[in-house]
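# Observations on chain architecture
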Amino acid sequence: MSAKEMKRFTREEVAKHNTEDSLWVIIDSRVFDVTRFRNLHPGGASVFMDEGIPGQDATEAFFGLHRYEVLEKPQFARLQIGIVEGEEPQITGGIVPGKLSKVPYAEPTWLSESFKSPYYKESHRRLQQAIRKFVDEVVHPDAQERELDGKRPSQSVLDQMAELNIHAMRMGPGKHLKGLTLMGGVVAPEEFDYFHELVISQEIARCGARGYGDGLMAGCVIGLPPVLNFGSPELKARIVPEVLSAKKFICLAVSEAYAGSDVFGLQTTATKTEDGKHWIITGTKKWITNGTFADYFTVGCRTEDGFTVILVERGEGVSTKPIKTSYSSSAGTAYVTFDHVKVPVENTLGEEGGGIFVMLSNFNHERWVMCCINVRAQRLVVEECMKWVNQRKAFGRPLHSLAVVRSKLALMIARVESLQSWLENVTYQMCNMSYREQASKLAGQIAFMKAHMTRSAQLTAADAVQIFGGRGITQTGMGKFIEHYHRTVTFDALLGGAEDVLADLGVRQAMRGMPSDVRL
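Within each chain, residue numbers correspond to sequence positions counted from 1 in written order. Local features in this predicted model are restricted to residues whose pLDDT is 70 or higher, and side-chain atom pairs enter the listing and the counts only when it is 80 or higher, whereas totals over whole chains, interfaces and linings include all residues. Excluding hydrogens and water, the side-chain values take into account all heavy atoms of the structure.

Helix and strand labels come from DSSP, where a helix needs a run of H or I of at least four residues and a strand needs a run of E of at least two; each type is numbered from the N terminus. One less than the number of residues in a helix, times 1.5 Å, gives the span that helix is expected to have. Between its first and last C-alpha, helix 5 (residues 122-149) extends 39 Å over 28 residues, near the 40 Å set by a 1.5 Å rise per residue. The principal kink in helix 5, of about 45°, is found at V139, preceding the proline P141 by one to four residues. Fitting axes to the seven residues that end at a residue and to the seven that start at it, the angle between those axes gives the bend at that residue.

What follows is the structure, encoded as structure tokens:
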């Protein structure tokens, strides 16, 4: 029943229904009959008889305990019987597909009113509007369900993403986009750049479901670029179309129980057959994102002449089993075993023994994508905290009136704004460098950025929990996104290279660039 069709009641009429036998309340000018529901209320029936609740306006009390989305759930929405005469609901909440948030600092400055940016063109804005509406309507509902039940993202969602060529766009700019209609035509393939990819990554991150986000073909984002950039024409023609159409799935298999950030410590081996036509791959890989449902594995191997990257198809000798981690099994995190797997030498990516260049090139893009996602997730936390301190009261006054709370918010906002600016600067350099230049010039910059960003994220997570209190460690209700963020924030600090290793990489690369003739 629409608001126009709802019956109208005066506040005086509502006030008469203040007993256990006839109990009405007002929430944001909406009138609810909770007589039968009070005994089913998860928080107990007695709360409905607290002072100022029965027959009265319970808006403030309600939003001090519940998220707006509760009012939208069918089982609760049907309790509404009318609207207060001469009034209309004023509070907005939940998700309005495609809409920008008006909460300060909830959006990056280029999407904020009156702010300008030299980086974004009209095509970026069109893409942002289209992808946000799609994510809000299609991806977000699936994300909330799958994050909880641990199932992989729904195939229907992946198929719809494929129809709009979102999977292809998440590979970044390149020849693979030629001839494709991107997001219904809002951006042409020849004008697609890394800022367009940044927009897509950040809009998907708004789902606030970390495991699901990785399950949404993150394995493709990090596992397919080596095929695109270093695979033979025949291999690309066979593999790329079926992966980008979400008919097949791929993952990057580098980390092992023996070696994570230490790529040269890998123990998975690849030896050639006597006729030189095949590799025989033996070893194990651990913590492999999308590995449980992957059809292809981009595998880092030790070979006679060093380190080589080889594409392995799921088949005889390949087995996977799930690994339980602190985020959802929706990510498909796997332990992968290669038991004398026979692979054609044509599946070699790049030169034999040249795998380190393949991986370093890939790591830059992988880490950059993680930075896009990480800073947007931090911004989501800022938005949640801004809303909470505005509606929550403590010590008889709004939470934001406390200086210690404002201090935490100030640091959270400063971190997210500075990190977004750094990210956009690096993205601009990527747009103006070749893939090879990026590999040599930006490895240190991106390593520093990711290490700083993930450390900042952990500070933001800790501050957010303090602001939300007990709700910040509760998986449901007001603080559910904060609890989830705090529980999963360390993933970014490890995936793609641990913080300390990346920071050291950045310094070592800087020292290699030191001129020999400088002195104090």
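What follows concerns empty space enclosed by the protein. Leftover empty space is mapped by rolling, across the atoms, a probe with the size of a water molecule. A pocket here means an open set of points on a 1 Å grid, computed over the protein atoms alone, that has protein on both sides within 12 Å along at least five of seven lines. A cavity is instead a set of points where a 1.4 Å probe fits but cannot get out; residues with an atom within 4 Å of a point line either one. Grid points are joined across faces, edges and corners, and a volume is the space filled by probe spheres set on the points. Tallied over the full model, the rule gives three cavities of 30 Å³ or more. When its volume is computed, the largest cavity comes out at roughly 330 Å³. Around the largest cavity, the lining comprises 25 residues; the ones closest to its centre are A205, A209, R210, I373 and A377. Broken down by secondary-structure element, the contributors of at least two residues to the lining of the largest cavity are helix 8 (194-205), helix 9 (210-215), helix 13 (355-391) and helix 17 (480-488). Three classes are used: nonpolar for Ala, Val, Leu, Ile, Met, Phe, Trp, Tyr, Cys and Pro, charged for Asp, Glu, Lys and Arg, and polar for all others, with Gly counted as polar. Within the lining of the largest cavity, the residues separate by chemical class into 14 nonpolar, six polar and five charged. A volume near 50 Å³ is recorded for the second largest cavity. If you trace the second largest cavity, you find it lined by S361, N364, H365, M430, Y435, Q438, A439 and I446.

Examined against the element boundaries, A443 turns out to sit in helix 16 (residues 443-468). Overall, A443 belongs to the buried group, its relative accessible area being 9%. Aside from chain neighbours lying at most four places away, what touches A443 is N364, Q438, L505 and Q509. Between buried and exposed lies partly exposed: a residue is buried under 20% and exposed over 50% of the maximum accessible area for its type, with that area taken using a 1.4 Å probe on protein chains only. Contacts: residue pairs with any heavy atoms within 4.5 Å of one another.

Moving on: the pairing of strand 9 (residues 296-303). With seven of its eight residues buried, strand 9 lies for the most part within the structure. Strand pairing is assigned whenever DSSP detects at least two bridges linking the two strands. Alignment of strand 6 (residues 250-253) against strand 9, held across four bridges, turns out to be parallel. Paired with L252 across the bridge in strand 9 is T298. Pairing of strand 9 with strand 10 (residues 306-313) involves eight bridges; the strand directions are antiparallel. The residue of strand 10 that forms the bridge with Y296 is E313. Between strand 9 and the antiparallel strand that follows it, strand 10, lie two residues.

Each strand in a sheet pairs with another by means of backbone hydrogen bonds, the pair being arranged parallel or else antiparallel. If you walk across this open sheet you meet the five strands as 1-5-4-3-2, and the pairing is mixed. In the strand order of this sheet, the two ends are held by strand 1 (7-9) and strand 2 (18-19), each with one partner. Bridge count between strand 4 (residues 30-33) and strand 5 (residues 80-84): three bridges; the pairing is antiparallel. Residue pairing across strands places V31 opposite G82, the latter belonging to strand 5.

Right, let's get into the environment of M183. Tracing the sequence through the fold places M183 in the loop between helix 7 (166-169) and helix 8. With sequence-adjacent residues up to four places away left out, M183 is seen in contact with L127, A130, I131, F134, L164, I166 and M169.

Attention now moves to the packing of helix 5 against helix 8. Orientation is described by lines fitted to C-alpha atoms, with helices fitted over the stretch in contact, and by angles between N-to-C directions that extend from 0 to 180 degrees. Two elements in contact, helix 5 and helix 8, have axes whose closest approach is 9 Å; the angle formed by their N-to-C orientations is 25°. Compared by their axis directions, helix 5 and helix 8 come out roughly parallel. Along this stretch, helix 5 crosses helix 8, giving a crossing that reads as right-handed. Judged by residue contacts, S123, H124, L127, Q128, I131, R132 and V135 of helix 5 engage F195, H196, V199, I200, E203 and I204 from helix 8. Within the contact of helix 5 with helix 8, the residues separate by chemical class into seven nonpolar, four polar and two charged. For this classification, under 35 degrees means roughly parallel, over 145 means roughly antiparallel, 65 to 115 means roughly perpendicular, and everything else is oblique. The crossing is said to be left-handed when, going from far helix to near helix, the turn is anticlockwise and less than a right angle, and right-handed when the turn is clockwise.

What follows covers the nonpolar core. Only buried residues count toward a nonpolar core. Its members are Ala, Val, Leu, Ile, Met, Phe, Trp, Tyr and Cys residues joined through side-chain atoms within 4.5 Å. Judged by nonpolar contacts, the single largest core of 104 residues is most densely connected at L127, M169, L224, W368 and I467. The leading source of residues in this core is helix 13, at 15 residues. Excluding residues that lie within four positions of it along the chain, I467 makes contacts with C385, W388, V389, L399, V405, K408, L409 and M412. Listed in part, the 19 residues of the second largest apolar core include A270, I288, A334 and F338.

Before going further, it helps to spend a moment on the pattern of salt bridges. The term salt bridge refers to a pairing of a side-chain nitrogen on Lys or Arg with a carboxyl oxygen on Asp or Glu at a separation within 4 Å. Counted according to the given criterion, the structure contains 30 salt bridges. Note that R67 and E384 form a salt bridge whose closest N and O atoms lie 3.0 Å from each other. Here R67, found in the loop between helix 2 (59-63) and helix 3 (69-72), pairs with E384, found in helix 13; they are 317 residues apart in sequence, far enough to count as distant. By relative accessible area, E384 is classed as buried at 9%. Between E242 and K248 there is a salt bridge, with its nearest N and O atoms 4.0 Å apart.

Once that is clear, we can look at the packing of helix 14 (residues 403-431) against helix 16. Think of two packed helices as two axes; the pair is described by the angle between the axes and how far apart they sit. Across the interface, helix 14 lies against helix 16 with an axial gap of 10 Å and an inter-helix angle of 160°. When the axis of helix 14 is compared with that of helix 16, the two are roughly antiparallel. Handedness of the crossing formed by helix 14 with helix 16: left-handed. For the contact of helix 14 with helix 16, the residue count by class is 14 nonpolar, five polar and three charged.

Further remarks concern the packing of aromatic side chains. Centres within 6.5 Å are what make two rings of Phe, Tyr or Trp a pair, Trp counting through its six-membered ring; a difference in plane orientation under 30 degrees is then read as stacked, over 60 as edge-to-face, and the rest as tilted. A full pass over the atoms with the stated rule returns 15 aromatic pairs. On the numbers, 6.1 Å between centres and 80° between planes, the contact of F37 with F48 is edge-to-face. With F37 in the loop between strand 4 and helix 2 and F48 in the loop between strand 4 and helix 2, the pair connects residues that are eleven residues apart, well separated along the chain. Across the pair, exposure class does not vary: F37 and F48 are buried alike. Geometrically, a charge over a ring is one whose NZ (Lys) or CZ (Arg) sits within 6 Å of the ring centre while staying within 35 degrees of the ring normal. A cation sits over an aromatic face here: R152 above F293, 4.7 Å from the ring centre. Lying over the aromatic face of W279, K272 brings its terminal NZ or CZ to 5.3 Å of the ring centre.

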